[in-house]
Amino acid sequence: MNLQVAVNQISTLFIIMFIGLIAKKVKLIDKASEKSMSNILLYIALPALMLSSANISYDSNTLPNMMQVFYVTLIQYFAVIVFANITAKLLKFKFPLSGAYINLLTFANVGFMGFPIANAFFGPAGLLYATVANLLFNIFQWTYAILVISKKGRIDIKRLFNIGTISAVLTITIFLLHIKLPFIIQNALDLTGKMTTPISMILIGSFIADLDSIKSFFDWRVITIAVFKLLLIPFTVAIALNALGVNHTVISICVLMAAMPSASTNAILAKQFDAEAAFTSVAVFVTTLLFLLSLPLVIFVLTNFILK
(Lines give C-alpha, C1' and ligand atoms only; values in the text may rest on other atoms or scores of the structure.)
Protein backbone atom coordinates (compact mmCIF):
# COMPACT_ATOMS: atom_id res chain seq x y z
CA MET A 1 0.00 0.00 0.00
CA ASN A 2 1.55 3.28 -1.17
CA LEU A 3 1.51 5.87 1.64
CA GLN A 4 1.03 8.84 -0.68
CA VAL A 5 -1.89 7.15 -2.41
CA ALA A 6 -3.37 6.31 0.99
CA VAL A 7 -3.01 9.92 2.17
CA ASN A 8 -4.68 11.22 -0.99
CA GLN A 9 -7.58 8.78 -0.68
CA ILE A 10 -8.11 9.47 3.01
CA SER A 11 -7.99 13.23 2.40
CA THR A 12 -10.60 12.93 -0.34
CA LEU A 13 -12.92 10.91 1.87
CA PHE A 14 -12.52 13.35 4.77
CA ILE A 15 -13.32 16.33 2.52
CA ILE A 16 -16.58 14.65 1.49
CA MET A 17 -17.34 13.94 5.18
CA PHE A 18 -16.74 17.62 5.93
CA ILE A 19 -19.17 18.58 3.18
CA GLY A 20 -21.79 16.39 4.85
CA LEU A 21 -21.06 17.98 8.23
CA ILE A 22 -21.47 21.51 6.86
CA ALA A 23 -24.62 20.51 4.98
CA LYS A 24 -26.15 19.26 8.23
CA LYS A 25 -25.11 22.38 10.15
CA VAL A 26 -26.71 24.71 7.58
CA LYS A 27 -29.81 22.45 7.49
CA LEU A 28 -29.44 21.27 3.90
CA ILE A 29 -29.65 17.78 5.43
CA ASP A 30 -32.23 16.87 8.09
CA LYS A 31 -33.33 13.66 9.77
CA ALA A 32 -35.76 12.82 6.96
CA SER A 33 -33.15 13.21 4.23
CA GLU A 34 -30.65 11.22 6.31
CA LYS A 35 -33.12 8.36 6.46
CA SER A 36 -33.81 8.56 2.72
CA MET A 37 -30.10 8.61 1.85
CA SER A 38 -29.45 5.74 4.26
CA ASN A 39 -32.15 3.68 2.54
CA ILE A 40 -30.70 4.45 -0.89
CA LEU A 41 -27.24 3.51 0.34
CA LEU A 42 -28.19 0.28 2.13
CA TYR A 43 -30.81 -1.05 -0.27
CA ILE A 44 -29.62 0.24 -3.66
CA ALA A 45 -26.06 1.61 -3.86
CA LEU A 46 -24.21 -0.90 -1.66
CA PRO A 47 -25.83 -4.01 -3.21
CA ALA A 48 -25.12 -2.59 -6.69
CA LEU A 49 -21.51 -1.92 -5.73
CA MET A 50 -21.08 -5.48 -4.47
CA LEU A 51 -22.67 -7.06 -7.54
CA SER A 52 -20.68 -4.89 -9.96
CA SER A 53 -17.42 -6.03 -8.36
CA ALA A 54 -18.13 -9.68 -9.25
CA ASN A 55 -17.64 -9.06 -12.95
CA ILE A 56 -14.00 -7.97 -12.81
CA SER A 57 -10.97 -9.47 -14.46
CA TYR A 58 -8.87 -11.23 -11.86
CA ASP A 59 -5.60 -13.08 -11.59
CA SER A 60 -4.64 -16.39 -9.98
CA ASN A 61 -4.21 -14.73 -6.58
CA THR A 62 -7.72 -13.32 -6.27
CA LEU A 63 -9.57 -16.48 -5.19
CA PRO A 64 -6.86 -17.61 -2.72
CA ASN A 65 -6.86 -14.09 -1.27
CA MET A 66 -10.65 -14.23 -0.88
CA MET A 67 -10.38 -17.51 0.99
CA GLN A 68 -7.67 -16.11 3.24
CA VAL A 69 -9.77 -13.03 3.96
CA PHE A 70 -12.66 -15.34 4.86
CA TYR A 71 -10.61 -17.46 7.27
CA VAL A 72 -8.81 -14.49 8.83
CA THR A 73 -12.06 -12.59 9.33
CA LEU A 74 -13.77 -15.65 10.81
CA ILE A 75 -10.94 -16.21 13.30
CA GLN A 76 -10.85 -12.50 14.05
CA TYR A 77 -14.52 -12.49 15.04
CA PHE A 78 -14.02 -15.34 17.49
CA ALA A 79 -10.86 -13.73 18.91
CA VAL A 80 -12.47 -10.31 19.38
CA ILE A 81 -15.57 -11.87 20.95
CA VAL A 82 -13.37 -13.70 23.48
CA PHE A 83 -11.36 -10.53 24.17
CA ALA A 84 -14.52 -8.41 24.53
CA ASN A 85 -16.13 -10.88 26.94
CA ILE A 86 -13.00 -11.09 29.10
CA THR A 87 -12.49 -7.32 29.26
CA ALA A 88 -16.20 -6.74 29.93
CA LYS A 89 -15.85 -8.89 33.06
CA LEU A 90 -12.59 -7.22 34.08
CA LEU A 91 -14.21 -3.80 33.70
CA LYS A 92 -17.21 -5.08 35.69
CA PHE A 93 -19.80 -4.18 33.08
CA LYS A 94 -23.25 -5.57 33.83
CA PHE A 95 -25.99 -6.54 31.39
CA PRO A 96 -27.08 -4.85 29.16
CA LEU A 97 -24.01 -2.58 29.15
CA SER A 98 -21.78 -5.63 28.77
CA GLY A 99 -23.66 -6.69 25.64
CA ALA A 100 -23.47 -3.21 24.14
CA TYR A 101 -19.73 -3.06 24.89
CA ILE A 102 -19.10 -6.48 23.31
CA ASN A 103 -21.00 -5.54 20.14
CA LEU A 104 -19.26 -2.17 19.82
CA LEU A 105 -15.86 -3.90 19.87
CA THR A 106 -16.87 -6.83 17.68
CA PHE A 107 -18.83 -5.23 14.86
CA ALA A 108 -17.09 -2.64 12.72
CA ASN A 109 -18.59 -0.50 9.99
CA VAL A 110 -17.43 -2.81 7.18
CA GLY A 111 -20.33 -1.92 4.88
CA PHE A 112 -21.11 1.73 5.34
CA MET A 113 -17.43 2.78 5.48
CA GLY A 114 -15.47 -0.37 4.67
CA PHE A 115 -16.73 -0.70 1.11
CA PRO A 116 -15.88 2.86 0.01
CA ILE A 117 -12.43 2.63 1.59
CA ALA A 118 -11.70 -0.83 0.13
CA ASN A 119 -12.81 0.50 -3.25
CA ALA A 120 -10.68 3.63 -2.90
CA PHE A 121 -7.51 1.70 -2.06
CA PHE A 122 -7.89 -1.53 -4.04
CA GLY A 123 -10.61 -0.99 -6.65
CA PRO A 124 -13.03 -3.80 -7.65
CA ALA A 125 -10.77 -6.52 -6.22
CA GLY A 126 -10.88 -4.79 -2.85
CA LEU A 127 -14.67 -4.82 -3.05
CA LEU A 128 -14.67 -8.59 -3.50
CA TYR A 129 -12.56 -9.01 -0.39
CA ALA A 130 -14.77 -6.57 1.53
CA THR A 131 -17.84 -8.51 0.37
CA VAL A 132 -16.46 -11.63 2.07
CA ALA A 133 -15.96 -9.67 5.29
CA ASN A 134 -19.46 -8.19 4.99
CA LEU A 135 -21.02 -11.64 4.61
CA LEU A 136 -19.48 -12.77 7.90
CA PHE A 137 -20.46 -9.47 9.50
CA ASN A 138 -24.12 -10.08 8.64
CA ILE A 139 -24.05 -13.66 9.89
CA PHE A 140 -22.46 -12.76 13.23
CA GLN A 141 -24.42 -9.56 13.83
CA TRP A 142 -27.84 -11.08 13.22
CA THR A 143 -27.05 -14.04 15.47
CA TYR A 144 -24.44 -13.37 18.16
CA ALA A 145 -25.03 -9.61 18.47
CA ILE A 146 -28.72 -10.14 19.19
CA LEU A 147 -27.94 -12.96 21.60
CA VAL A 148 -25.75 -10.78 23.87
CA ILE A 149 -28.14 -7.81 24.08
CA SER A 150 -31.51 -9.56 24.02
CA LYS A 151 -33.12 -10.27 27.37
CA LYS A 152 -34.73 -13.37 25.90
CA GLY A 153 -31.41 -14.50 24.44
CA ARG A 154 -33.04 -15.70 21.24
CA ILE A 155 -31.56 -15.60 17.75
CA ASP A 156 -33.88 -14.50 14.94
CA ILE A 157 -32.67 -16.59 11.99
CA LYS A 158 -35.01 -14.70 9.65
CA ARG A 159 -32.82 -11.63 10.14
CA LEU A 160 -30.04 -13.39 8.23
CA PHE A 161 -32.07 -13.03 5.05
CA ASN A 162 -31.41 -9.34 4.54
CA ILE A 163 -30.26 -7.33 1.54
CA GLY A 164 -26.63 -7.32 2.72
CA THR A 165 -26.36 -11.08 3.11
CA ILE A 166 -28.26 -11.85 -0.08
CA SER A 167 -26.16 -9.40 -2.11
CA ALA A 168 -22.94 -10.81 -0.67
CA VAL A 169 -23.93 -14.40 -1.50
CA LEU A 170 -24.98 -13.42 -5.03
CA THR A 171 -21.75 -11.52 -5.60
CA ILE A 172 -19.56 -14.40 -4.48
CA THR A 173 -21.66 -16.87 -6.53
CA ILE A 174 -21.40 -14.78 -9.71
CA PHE A 175 -17.66 -14.46 -9.19
CA LEU A 176 -17.01 -18.16 -8.52
CA LEU A 177 -19.19 -19.35 -11.44
CA HIS A 178 -17.64 -16.80 -13.83
CA ILE A 179 -21.08 -15.50 -14.77
CA LYS A 180 -20.86 -12.55 -17.15
CA LEU A 181 -23.70 -10.09 -16.75
CA PRO A 182 -25.09 -8.36 -19.85
CA PHE A 183 -23.30 -5.10 -20.59
CA ILE A 184 -26.39 -2.93 -19.92
CA ILE A 185 -26.96 -4.52 -16.49
CA GLN A 186 -23.26 -4.35 -15.59
CA ASN A 187 -23.09 -0.70 -16.64
CA ALA A 188 -26.20 0.13 -14.61
CA LEU A 189 -24.73 -1.60 -11.53
CA ASP A 190 -21.40 0.22 -12.01
CA LEU A 191 -23.06 3.64 -12.22
CA THR A 192 -25.39 2.94 -9.30
CA GLY A 193 -22.59 1.54 -7.15
CA LYS A 194 -20.51 4.67 -7.66
CA MET A 195 -23.02 6.53 -5.49
CA THR A 196 -21.86 4.55 -2.47
CA THR A 197 -18.73 6.53 -1.58
CA PRO A 198 -20.12 10.09 -1.77
CA ILE A 199 -23.43 9.18 -0.10
CA SER A 200 -21.80 7.23 2.72
CA MET A 201 -19.18 9.90 3.45
CA ILE A 202 -21.76 12.71 3.35
CA LEU A 203 -23.97 10.75 5.75
CA ILE A 204 -21.11 10.09 8.16
CA GLY A 205 -20.28 13.80 8.17
CA SER A 206 -23.92 14.54 8.82
CA PHE A 207 -24.03 12.06 11.72
CA ILE A 208 -20.88 13.56 13.24
CA ALA A 209 -22.52 17.00 13.14
CA ASP A 210 -25.06 15.70 15.69
CA LEU A 211 -22.37 15.12 18.29
CA ASP A 212 -22.96 18.38 20.13
CA SER A 213 -21.44 17.64 23.52
CA ILE A 214 -17.72 17.45 24.22
CA LYS A 215 -18.58 15.58 27.42
CA SER A 216 -19.04 12.43 25.34
CA PHE A 217 -15.28 12.25 24.87
CA PHE A 218 -14.64 12.11 28.62
CA ASP A 219 -16.65 8.97 29.33
CA TRP A 220 -13.88 6.50 30.13
CA ARG A 221 -15.97 3.64 28.80
CA VAL A 222 -16.27 5.28 25.38
CA ILE A 223 -12.55 6.12 25.36
CA THR A 224 -11.74 2.51 26.21
CA ILE A 225 -13.89 1.25 23.35
CA ALA A 226 -12.29 3.74 20.94
CA VAL A 227 -8.73 2.74 21.88
CA PHE A 228 -9.49 -0.98 21.64
CA LYS A 229 -11.56 -0.70 18.45
CA LEU A 230 -9.53 1.81 16.46
CA LEU A 231 -5.98 0.97 17.53
CA LEU A 232 -5.46 -2.21 19.55
CA ILE A 233 -7.50 -4.56 17.36
CA PRO A 234 -6.18 -3.44 13.93
CA PHE A 235 -2.57 -3.33 15.16
CA THR A 236 -2.92 -6.80 16.69
CA VAL A 237 -4.36 -8.13 13.41
CA ALA A 238 -1.49 -6.53 11.45
CA ILE A 239 1.24 -7.94 13.70
CA ALA A 240 -0.32 -11.42 13.86
CA LEU A 241 -0.86 -11.73 10.09
CA ASN A 242 2.61 -10.42 9.32
CA ALA A 243 4.15 -12.94 11.75
CA LEU A 244 2.21 -15.71 10.01
CA GLY A 245 3.58 -14.67 6.62
CA VAL A 246 0.23 -13.69 5.10
CA ASN A 247 0.57 -11.76 1.84
CA HIS A 248 0.42 -7.96 1.90
CA THR A 249 -2.91 -7.64 0.08
CA VAL A 250 -4.76 -9.79 2.61
CA ILE A 251 -3.04 -8.05 5.52
CA SER A 252 -4.02 -4.63 4.15
CA ILE A 253 -7.67 -5.56 3.59
CA CYS A 254 -8.09 -7.31 6.94
CA VAL A 255 -6.40 -4.49 8.86
CA LEU A 256 -8.47 -1.82 7.11
CA MET A 257 -11.70 -3.68 7.86
CA ALA A 258 -10.61 -4.15 11.49
CA ALA A 259 -9.76 -0.44 11.74
CA MET A 260 -13.29 0.70 10.89
CA PRO A 261 -15.29 2.43 13.65
CA SER A 262 -18.13 0.69 15.44
CA ALA A 263 -21.04 -0.09 13.13
CA SER A 264 -24.08 2.16 13.23
CA THR A 265 -26.26 -0.96 13.29
CA ASN A 266 -25.05 -1.51 16.86
CA ALA A 267 -27.07 1.53 17.89
CA ILE A 268 -30.08 0.36 15.90
CA LEU A 269 -30.06 -3.06 17.59
CA ALA A 270 -29.46 -1.51 21.02
CA LYS A 271 -32.53 0.68 20.59
CA GLN A 272 -34.62 -2.22 19.32
CA PHE A 273 -33.75 -4.40 22.32
CA ASP A 274 -33.64 -1.57 24.89
CA ALA A 275 -29.97 -2.27 25.62
CA GLU A 276 -28.08 0.96 26.39
CA ALA A 277 -29.16 2.66 23.16
CA ALA A 278 -27.97 6.14 24.23
CA PHE A 279 -24.53 4.91 25.29
CA THR A 280 -24.17 2.83 22.13
CA SER A 281 -25.12 5.78 19.92
CA VAL A 282 -22.52 8.00 21.60
CA ALA A 283 -19.85 5.31 21.22
CA VAL A 284 -20.66 4.92 17.51
CA PHE A 285 -20.42 8.70 17.01
CA VAL A 286 -17.17 9.04 18.92
CA THR A 287 -15.43 6.09 17.26
CA THR A 288 -16.53 7.44 13.87
CA LEU A 289 -15.19 10.89 14.68
CA LEU A 290 -11.89 9.60 16.10
CA PHE A 291 -11.58 7.35 13.07
CA LEU A 292 -10.59 10.50 11.17
CA LEU A 293 -7.41 10.51 13.26
CA SER A 294 -6.86 6.79 13.77
CA LEU A 295 -7.06 5.68 10.13
CA PRO A 296 -4.08 7.78 8.95
CA LEU A 297 -2.10 6.43 11.92
CA VAL A 298 -3.02 2.83 11.10
CA ILE A 299 -2.10 3.37 7.44
CA PHE A 300 1.23 4.96 8.44
CA VAL A 301 2.19 2.11 10.77
CA LEU A 302 1.00 -0.52 8.29
CA THR A 303 2.99 1.02 5.43
CA ASN A 304 6.18 1.83 7.29
CA PHE A 305 6.51 -0.96 9.85
CA ILE A 306 4.40 -3.94 8.76
CA LEU A 307 4.44 -4.03 4.96
CA LYS A 308 8.14 -3.30 4.51
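The text that follows walks through the structure, step by step, so that each part is easy to find.

Quick notes on the rules
What you see as residue numbers is a count from 1 along each chain, following the sequence as written. Local features in this predicted model are restricted to residues of pLDDT 70 or higher, and side-chain atom pairs are both shown and tallied only at a pLDDT of 80 or more, whereas totals for entire chains, interfaces and linings draw on every residue. To obtain the side-chain values, all non-hydrogen atoms of the structure were included, while hydrogens and water were left out. Only DSSP runs of H or I reaching four residues or more are called helices, and only runs of E reaching two or more are called strands; each is numbered from the N terminus. Note on method: radius of gyration uses C-alpha positions; expected globular size equals 2.2 Å times residues raised to 0.38. Each residue's exposure class comes from its accessible area (1.4 Å probe, protein chains only) as a fraction of the maximum for that residue type: buried when under 20%, exposed when over 50%, partly exposed otherwise. A 1.4 Å probe and the Shrake-Rupley method give the accessible areas. Residues count as covered only by the protein chains that appear here. Only four residue types enter the charge count, namely Lys and Arg as positive and Asp and Glu as negative; His and the chain termini do not. Where a charge lies is defined by one atom per residue type: Lys uses NZ, Arg uses CZ, Asp uses CG and Glu uses CD. Each salt bridge in this description consists of a side-chain nitrogen of Lys or Arg and a carboxyl oxygen of Asp or Glu lying within 4 Å of one another. Axis angles are defined between N-to-C directions and span 0 to 180 degrees, where every axis is a line fitted to C-alpha atoms and, for a helix, only to the segment in contact. Put simply, angles under 35 degrees are roughly parallel, angles over 145 are roughly antiparallel, angles from 65 to 115 are roughly perpendicular, and the rest are oblique. A crossing counts as left-handed when the near helix is turned anticlockwise from the far one by less than a right angle, and as right-handed when that turn is clockwise. By definition in these notes, contact holds between two residues if any of their heavy atoms fall within 4.5 Å. Note that patches include only residues with greater than 30% relative accessible area and no salt bridge, and the join distances are 9 Å for like charges and 5 Å for nonpolar side chains (Val, Leu, Ile, Met, Phe, Trp, Tyr). Residues belong to one nonpolar core when they are buried, are Ala, Val, Leu, Ile, Met, Phe, Trp, Tyr or Cys, and are joined through side-chain atoms within 4.5 Å.

Quick notes on the overall build of the chain
In terms of helices and strands, the chain carries 12 helices and zero strands. Ordered by position in the sequence, the α and β elements of the chain form the string α-α-α-α-α-α-α-α-α-α-α-α. What you see for the chain is a C-alpha radius of gyration of 18 Å, in line with the 19 Å of a compact globule of 308 residues. C-alpha atoms of the chain, sized along the principal axes, occupy 50 × 50 × 45 Å. Counting the 308 residues in the chain, one finds 53% classified as buried. When the accessible area of the chain is evaluated, it comes to approximately 14300 Å², of which 70% is carbon and sulfur surface. Here the chain holds 20 positive side-chain charges and 10 negative ones, and the gap between their average locations is 6 Å.

Considerations on the pattern of salt bridges
Enumeration according to the criterion identifies two salt bridges in this entry. With a closest N to O distance of 2.7 Å, Lys24 and Glu34 form a salt bridge. Of this pair, Lys24 sits in helix H1 (residues 3–25) while Glu34 sits in helix H2 (residues 31–53), placing them 10 residues apart in sequence. In this structure Lys24 comes out as buried when scored by relative accessible area, which is 12%. Since its relative accessible area comes to 5%, Glu34 is described here as buried. Here Asp219 and Arg221 are joined by a salt bridge, their closest N and O atoms 2.9 Å apart. Since its relative accessible area comes to 21%, Asp219 is described here as partly exposed. Its relative accessible area of 24% is what places Arg221 among the partly exposed residues.

Concerning the packing of helix H3 (residues 62–90) against helix H6 (residues 163–176)
At their nearest, the axes of H3 and H6 sit 12 Å apart, and the two run at 150 degrees to each other. Classified by the angle their axes make, H3 and H6 are roughly antiparallel. In this structure, the crossing between H3 and H6 has a hand that is left-handed. Only Ile172, Phe175 and Leu176 of H6 make contact with H3, whose side of the interface consists of Thr62, Leu63 and Met66.

Remarks on a nonpolar patch on the surface
Side chains of Ile40, Leu42, Tyr43, Ile44, Ile163 and Met195 sit close together on the surface and give an oily, nonpolar patch of about 490 Å² of accessible area. At four residues, H2 tops the list of elements feeding residues into the nonpolar patch. Tracing the backbone shows Ile40 in helix H2.

Description of the nonpolar core
Among soluble globular proteins, nonpolar side chains are generally buried collectively. Grouped together as the largest cluster of nonpolar side chains are 100 residues, with contacts concentrated most on Tyr101, Ile117, Ile251 and Met257. It is helix H5 (residues 114–149) that contributes the most residues to this core, 20 residues altogether. Not counting residues up to four positions away in its chain, the partners in contact with Ile251 are Leu241, Asn242, Val246, Leu302, Ile306 and Leu307.

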